[in-house]
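# Secondary and tertiary structure notes
Take a look at the letters that make up each chain.
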Amino acid sequence: MIRKKPQDEIQEIVSAVSHEGILKANAGTITFFYFQDVEYIKQFLTKSEDVLPKMKHNLGNRVKSFYGNGILFSNGHTWRMQRKLANAAFNRALSHDVIGENAFKLFDLMDYNVENPINIYDMMQRTTIEILGQVAFAYKFGGLDSFETPDIIKSYKYIMDQTENQLHILFPILDKLPLKSNRLYREKMNEFDNFILNIIEQRKKDLFKLNYQNEKQESDNKDLLMSILEMSEKEGIKIDSHELRDNLVNFFIAGHDTTSLNISVSIYHLAKYPEMQKKARDEVIAIVGNRLRIPTAEQVKELKYVNAIIKESLRTHPPLAVLIPRQPNDYIQVGPYIIPPKSYNCVNIWHVHHDPKLWKNPNKYDPERFLNGEKRHPFAWIPFSGGPRNCAGQNFSLMEQRVLMAMILLKYEWTLPENSIHKEKFYLDSNFLLKPKDLSVEIQFKRRI
Ligand code: HEM
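The protein chain has the name Cytochrome P450 in an unreviewed UniProt entry, where Rhizophagus clarus is given as its organism. Quoted straight from UniProt, the Cofactor (unreviewed entry) entry for the protein chain says "heme".

Turning next to the UniProt feature "binding site: heme" (unreviewed entry) in the protein chain. Under the UniProt annotation, the feature "binding site: heme" (unreviewed entry) is placed at C391. Each residue touching C391, except ones within four places of it in the same chain, is listed here: R83 and F384.

Turning to the side chain of D111, a few remarks are in order. Tracing the chain through its elements places D111 in helix α5 (residues 96-112). Beyond its immediate stretch of four places on either side in the chain, D111 contacts K411, Y412 and R447.

What the three strands build is an open sheet, ordered β3-β10-β7; its pairing is antiparallel. Two strands lie at the open edges of the sheet, namely β3 (118-119) and β7 (412-415), each paired on one side alone. Direction of pairing for β7 relative to strand β10 (residues 442-447): antiparallel, over a ladder of four bridges. Paired with E413 across the bridge in β10 is K446.

Relative orientation and spacing of two packed helices are given, respectively, by the angle between their axes and the distance between those axes. Taken N-terminus to C-terminus, the directions of helix α12 (residues 257-272) and helix α17 (residues 394-411) make an angle of 35°; their axes are 10 Å apart at the nearest point. Like other packed secondary-structure pairs, α12 and α17 cross with a definite hand, here right-handed. Counted together, T259, N262, I263, S266, I267 and L270 of α12 and S397, E400, Q401, L404, M405, I408 and L409 of α17 form the full contact between these two elements. A class-by-class count of the residues in the contact of α12 with α17 yields seven nonpolar, five polar and one charged.

Tallied over the entire structure, the rule returns 28 aromatic pairs. Aromatic pair F370 and W381: ring centres 6.1 Å apart, planes at 70°, arrangement edge-to-face. Taken together, the residues span a long stretch of sequence, with F370 in the loop between α16 (349-353) and α17 and W381 in the loop between α16 and α17 at a distance of eleven residues. When its relative accessible area of 18% is taken as the criterion, F370 is described as buried. Where Y412 meets F445, the ring centres are 5.3 Å apart and the plane angle is 65°; that geometry is what we call edge-to-face. On the criterion of sequence distance, the pair formed by Y412 in strand β7 and F445 in strand β10 is long-range, its members being 33 residues apart. Through successive ring pairs, a cluster of aromatic residues spans F66, F137, Y139, F141, Y156, F192, F195 and F252. Between the NZ or CZ atom of R281 and the centre of the ring of W414, over which it lies, the distance is 5.7 Å. Its end group placed over the ring of F370, R376 keeps NZ or CZ at 5.3 Å from the ring centre.

What counts, and where the lines are drawn
Residues numbered from 1 in each chain as written. Predicted model: local features only at pLDDT ≥ 70, side-chain atom pairs only at ≥ 80, totals over all residues. Heavy atoms only, no water. UniProt positions renumbered as here; feature names shortened; annotations may be inferred. Contact = heavy atoms within 4.5 Å. Helix = DSSP H or I, 4+ residues; strand = E, 2+ residues; numbered from the N terminus. Pairing = 2+ DSSP bridges. Axes fitted to C-alpha atoms, helices over the stretch in contact; angles between N-to-C directions. Left-handed = near helix turned anticlockwise from the far one by under 90°. Nonpolar A, V, L, I, M, F, W, Y, C, P; charged D, E, K, R; others polar. Phe/Tyr/Trp six-rings, centres within 6.5 Å; stacked < 30°, edge-to-face > 60°. Buried < 20%, exposed > 50% of the residue type's maximum accessible area, 1.4 Å probe, protein only. Lys NZ or Arg CZ within 6 Å of the ring centre and 35° of its normal.

Structure follows, in structure tokens:
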């Protein structure tokens, strides 16, 4: 039974820290509870979004201004509308061709320098951002045309870097000072916002023209922005240009570094374990053929071993190791514990994915564990979170990774250079989203096709 006297509630959760399932940590004046036990996590994440909203922004003004009121941090009615539109947009079959065509461009770029080690993380960032530009709003950034980074991507990266500046998060007063860095941040933000808002206005005009000319065609492969505009019109859901901007930015933040990291982790492990690389390549050749081409949706589904590699990388190196904290509106019960309202509650994905009670040899990289029919708790593997606020781009990301991995396996063989900074293990720099140490994963590729 849930008791209601606040002092009792706090006692209950504070005493919980001595148990294994929940950890307590203090950051300044704020107390965080970290959920580690898989059963508590299941109960926690499957609660309705109304009961367990995401915390109000307190990650600094820069995060606030860049993320805006997009889907990652929104709550209540706004979130429900955004999620409805996002689900509908992502459910449209997203074209394999966009992914495959960008893989061909990636290979052209890599072939320029294939005699030397290549930073595959950089290559994957270029590729995923290029694919996202086309999938999100039918825009080609040109990041795979040469090793030069397009200006707008440089601005995006600068802004992302600045949102993670710990000094500005801890001392928001710094944002108000007449610093050169503040001026530059505002300039880059304006440039990026204008870029996205112009695209939105253009797509609105395109939709108006199509409606006017009655030329609307039911096609599956529409970009996310066009799908959202059409859906909001059809369902009478009002969404203005700034809210659209916030959501498109949120898709970029959520979908770009995460997918780049996981493909890099997979390629790294296949370099370390050549027998796994051979097994994966043999599978692709058996299903797709020994010619460089874009695999079909049916072929991709059959790539069981490649899929197991992707899943194992997401287990060992979940790109979002700890979820954005949730702040309950009221007392909630999780297992034997009662959580007080407004407390900060985090789910520790990293812990669950490395828990020896859930995984045999948790520190071993072993894709076979996803193929041998081992039974495990439904929340033992949660790289995309779970419950109503799970990842909206999960299916898209998995499809993107499968297509890219299959094509890279056909095109190249690869090894880890002797002097790799990741010789011992894949070192991470931790932040909100995990990244490889020094943003670098150098791999020596050799063309095979
Ligand atoms: C390996 C790739 C990815 C991983 C591991 C991942 C993981 C996650 C996780 C853990 C969350 C929950 C965040 C939280 O509650 O704190 C999330 C949310 C989200 N992700 Fe992903 N993600 C990936 C790729 C993508 C892609 C490609 C997109 C879109 C292009 C995307 C869009 C979203 C969105 C919109 C949300 C917010 C959902 C909501 O709050 O309703 N993600 N993702």
